[in-house]
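An overview of the molecular structure
Here is how the chains run, residue by residue.
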Amino acid sequence: LLGLHLKAGEFAALAFGLGSGAITLAVFGALAVFGAPFSGQTVLATVFALFAFFLPLAATRALRSGRPFFAGLIEKPIFPSGLDRALALILLLLIAYTALIALYWPPWTWDALAIWVVKAKAIFLSQSLSGHLEGAYPSYPLHVPLQLAILRLNSPEPPTQILFPVYAAGLLLVVKNGLFRLGQTRSGLFFTLLLAATPIFITYSSTAYADMPYTFYYVSSALCLLAFFKSGQITFAVLSALLAGITAWTRPEGVLSLIVNYAALLAYLAWTRSKASLIAALLYPVGFSFFWAPWAYYTQLHGYGSYVAAAGAAALRQLISLQVSLDRLFSVLKYFAGQWSAFEVWGSVWLVFGLSLIKLRAVRRHLFLLLLIFLNIAALLFTYYATPETPPLQWWLETGFARMALHFAP
């Protein structure tokens with residue numbers, strides 16, 4: 001519909017990501033608005049309705065453009081050297097490795113079970129949306145639980161975690177093509193492989209947490225926004241907004257993805273003062289709201305409330321009134337500083353990032369990429385500064401910091 005030129009792998013990855021977001025949101029709507037039971041028939045009906053609505057629109061767009069429907073997908077991946085082919089093979093082996101772990105190892109941690117897997121099973125067994133109340137934190141979005149529940153329609157006990165290597169593979173495809181688009185054609189494959197071999201990436205590629213899907217959506221959104229900055233093509237900004245919306249439909253902290261991306265977009269508007277950047281700035285919240293607003297309205301209607309939003313709002317009010325808890329801030333900064341040498345978690349991610357800043361020419365070329373990175377770091381530090389007082393801050397940092405920061409690896 002957007003008429004974007006994407007490589008075949010990137011198209012497949014983003015089509016899966018957008019498709020899963022659209023399907024789960026449509027199923028959620030069928031259950032919440034129309035009271036339909038959660039069943040195979042409901043899922044099939046929603047998928048059919050989505051195709052019936054979007055396919056004629058996409059076909060009409062293709063006919064009007066005068067080019068083949070899949071014109072952007074005709075280029076095949078080219079690996080000109082033996083080294084490129086070897087890197088691609090190792091990459092495939094790493095993806096296969098995470099898939100085998102996911103198939104072998106069942107969900108076992110508290111978060112995986114209580115927040116994601118139990119909700120999916122309860123929705124499946126109760127055949128209703130009320131099943132999600134069986135798990136913890138009812139305000140958490142249902143994108144991942146609904147996907148896991150749909151998997152259960154084929155088998156009451158499916159290999160649940162196989163969903164997460166699929167997102168990891170999609171993320172690697174998006175990152176590789178994003179690097180190519182940013183001009184890193186020679187080293188793009190190497191750095192994609194480096195990402196795939198990062199310990200934290202392997203861990204959450206095969207774990208039933210929402211962190212890998214969240215990383216897929218946010219990084220895809222950020223790369224599409226950078227593609228807009230590079231090309232000025234407004235449809236990339238629209239795609240970025242939709243992906244940011246699904247980020248918020250995946251994990252409650254996803255609202256930060258809108259704030260971060262929108263701050264970068266407003267900076268770009270101030271920098272260029274172009275018509276395209278103004279239109280993109282007006283459209284971005286609209287695209288985001290498609291996926292964020294329905295769940296936000298539903299939780300408000302049912303009085304679930306989000307402890308994340310409440311804690312964040314309280315901390316923001318304190319900062320605005322200059323009531324800064326220095327002990328708390330220094331604790332977060334100290335923990336963050338320790339991550340630069342946590343090679344068993346991050347591999348060389350932070351070290352390579354620090355060294356890359358030495359290359360001033362690259363810094364000047366990718367100012368908005370750096371802006372996104374530093375805004376994300378600020379958002380992450382604020383997230384932990386704003387955590388509730390109970391449990392203690394150190395507990396929050398030790399149990400969640402690495403996975404909450406997973407999107408920094410790409």
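Just so it is clear, the structure is predicted and the values come from calculations on it, not from any experiment. (Residues numbered from 1 in each chain as written. Predicted model: local features only at pLDDT ≥ 70, side-chain atom pairs only at ≥ 80, totals over all residues. Heavy atoms only, no water.)

A word on empty space enclosed by the protein. Here the structure, examined in full by the defined rule, presents three cavities of 30 Å³ or more. Of the voids in this model, the largest cavity is the one considered here, and its volume is about 120 Å³. Going through the elements one at a time, helix H9 (211–231), helix H11 (255–272) and helix H18 (367–385) are the ones with two or more residues in the lining of the largest cavity. For the lining of the largest cavity, the leading source of residues is H18, giving four residues. The class makeup of the residues in the lining of the largest cavity is seven nonpolar, four polar and two charged. (1 Å grid on protein atoms, 1.4 Å probe; cavity = no way out; pocket = protein on both sides within 12 Å on 5 of 7 lines; lining within 4 Å. Points joined across faces, edges and corners; volume = space filled by probe spheres on them. Helix = DSSP H or I, 4+ residues; strand = E, 2+ residues; numbered from the N terminus. Nonpolar A, V, L, I, M, F, W, Y, C, P; charged D, E, K, R; others polar.)

What follows is about the pattern of salt bridges. Overall, the coordinates contain five salt bridges when judged by the stated rule. For the salt bridge of Asp-211 with Arg-403, the shortest nitrogen-to-oxygen distance reads 3.6 Å. With a gap of 192 residues between them, Asp-211 in helix H9 and Arg-403 in helix H19 (residues 393–404) connect regions that are remote in the sequence. The pair Asp-211 / Arg-403 is uniform in exposure class, with both members buried. We note a salt bridge from Arg-251 to Glu-253, for which the minimum N-O separation is 3.1 Å. You'll find Arg-251 and Glu-253 in the same group, each marked buried. Counted as one network, the salt bridges with shared partners bring together Asp-111, Asp-211, Arg-251, Glu-253 and Arg-403. (Salt bridge = Lys/Arg side-chain N within 4 Å of Asp/Glu carboxyl O. Buried < 20%, exposed > 50% of the residue type's maximum accessible area, 1.4 Å probe, protein only.)

Attention now goes to the environment of Phe-54. Relative to the helices and strands, Phe-54 is located in helix H2 (residues 40–65). By relative accessible area, which is 37% here, Phe-54 ends up partly exposed. For the pair Phe-54 and Leu-1, spaced 53 residues apart in sequence, the C-alpha separation works out to 8.2 Å.

Right, let's get into the confidence of the model for the chain. When the pLDDT values of the chain are averaged, the result is 89; 94% of them are 70 or greater. Within the chain, the lowest mean pLDDT, 69, falls on helix H13 (residues 307–320), and the highest, 97, falls on helix H10 (residues 234–248). (pLDDT = per-residue confidence, 0-100.)

Let's shift gears to unusual backbone geometry. Excluding glycine, a negative phi dihedral is what most residues carry, and trans is how most peptide bonds are arranged. The phi dihedral of Gln-127 falls on the positive side, at around 60°, and the residue is not glycine. A positive phi angle is found at Arg-273, which is not glycine, with a value near 50°. Relative to the helices and strands, Arg-273 is located in the loop between H11 and helix H12 (275–301).

Looking now at the packing of helix H6 (residues 163–181) against H9. The geometry of H6 relative to H9 is characterised by a closest axis approach of 9 Å and an angle of 15° between their N-to-C directions. Taken together, the axes of H6 and H9 are roughly parallel relative to one another. For the pair H6 and H9, the crossing hand works out as left-handed. Two secondary-structure elements touch here, H6 through Phe-164, Tyr-167, Ala-168, Gly-170, Leu-171, Val-174, Val-175, Gly-178 and Arg-181 and H9 through Met-212, Pro-213, Thr-215, Phe-216, Tyr-217, Val-219, Ser-220, Leu-223, Ala-227 and Lys-230. Each residue belonging to the contact of H6 with H9 can be placed in one class, and the counts come to 13 nonpolar, four polar and two charged. (Axes fitted to C-alpha atoms, helices over the stretch in contact; angles between N-to-C directions. Parallel < 35°, antiparallel > 145°, perpendicular 65-115°, else oblique. Left-handed = near helix turned anticlockwise from the far one by under 90°. Contact = heavy atoms within 4.5 Å.)

Attention now goes to the packing of helix H4 (residues 110–126) against helix H5 (residues 143–152). A pair of packed helices can be characterised by two numbers: the angle between their axes and the separation between those axes. Remark: H4 packs on H5, axes separated minimally by 8 Å, with the N-to-C direction vectors making an angle of 50°. The angle between H4 and H5 falls in the class oblique. Once H4 is placed against H5, the crossing between them reads as right-handed. Counted together, Ile-115, Trp-116, Val-117, Lys-119, Ala-120, Lys-121, Ile-123 and Phe-124 of H4 and Val-144, Pro-145, Leu-146, Leu-148, Ala-149 and Arg-152 of H5 form the full contact between these two elements. A breakdown of the residues in the contact of H4 with H5 according to their chemical character gives eleven nonpolar, no polar and three charged.

Another aspect to go through is the nonpolar core. Within the largest apolar cluster, 110 residues are counted, with the highest numbers of intra-cluster contacts made by Phe-38, Phe-229 and Trp-249. Per element, the largest residue contribution to this core is 13 residues, and it comes from H9. Once residues lying within four places of it in the same chain are set aside, the contact partners of Trp-249 are Gly-21, Thr-24, Leu-25, Phe-28, Pro-141, Leu-142, His-143, Leu-146, Phe-291 and Trp-295. (Core = buried A, V, L, I, M, F, W, Y, C linked by side-chain atoms within 4.5 Å.)

Moving on to the packing of aromatic side chains. Enumeration over the complete set of coordinates arrives at 36 aromatic pairs. Ring geometry for Phe-53 versus Phe-54: centroids 5.0 Å apart, planes at 85°, classification edge-to-face. Classification of Phe-53 as exposed rests on a relative accessible area of 52%. A connected cluster of aromatic rings, assembled from ring pairs, spans Tyr-335, Phe-336, Trp-340, Trp-346, Trp-350, Phe-353, Phe-374, Tyr-384, Phe-401 and Phe-408. For the cation-ring pair, Lys-176 lies above Phe-180, with the distance from its terminal atom to the ring centre recorded as 4.7 Å. Residue placement shows Arg-251 over the ring face of Tyr-214; its charged tip is 3.7 Å from the ring centre. (Phe/Tyr/Trp six-rings, centres within 6.5 Å; stacked < 30°, edge-to-face > 60°. Lys NZ or Arg CZ within 6 Å of the ring centre and 35° of its normal.)

All right, on to helix H14 (residues 326–338) then. For H14, spanning 13 residues, the distance from its first C-alpha to its last is 18 Å, which sits close to the expected 18 Å at 1.5 Å a residue. Every buried residue belonging to H14 is among Arg-328, Val-332 and Phe-336, and all of these are buried. Summarising the axial view, the buried residues of H14 lie within an arc of 70°, below the 170-degree limit, and thus occupy one face. In H14, the exposed positions that point more than 90 degrees away from the buried face belong to Asp-327, Phe-330 and Lys-334. Close packing links the buried residues of H14 with helix H16 (349–356), H18 and H19. (Expected span 1.5 Å × (residues − 1). Arc of directions from axis to C-beta.)

Taking 1.5 Å per residue as the helical rise, H6 with its 19 residues ought to reach 27 Å, and the 27 Å between its terminal C-alpha atoms agrees with that figure. With 14 of 19 residues buried, H6 lies mostly within the body of the structure. Immediately downstream of H6, the backbone of Gly-183 shows phi near 95°, a positive value.

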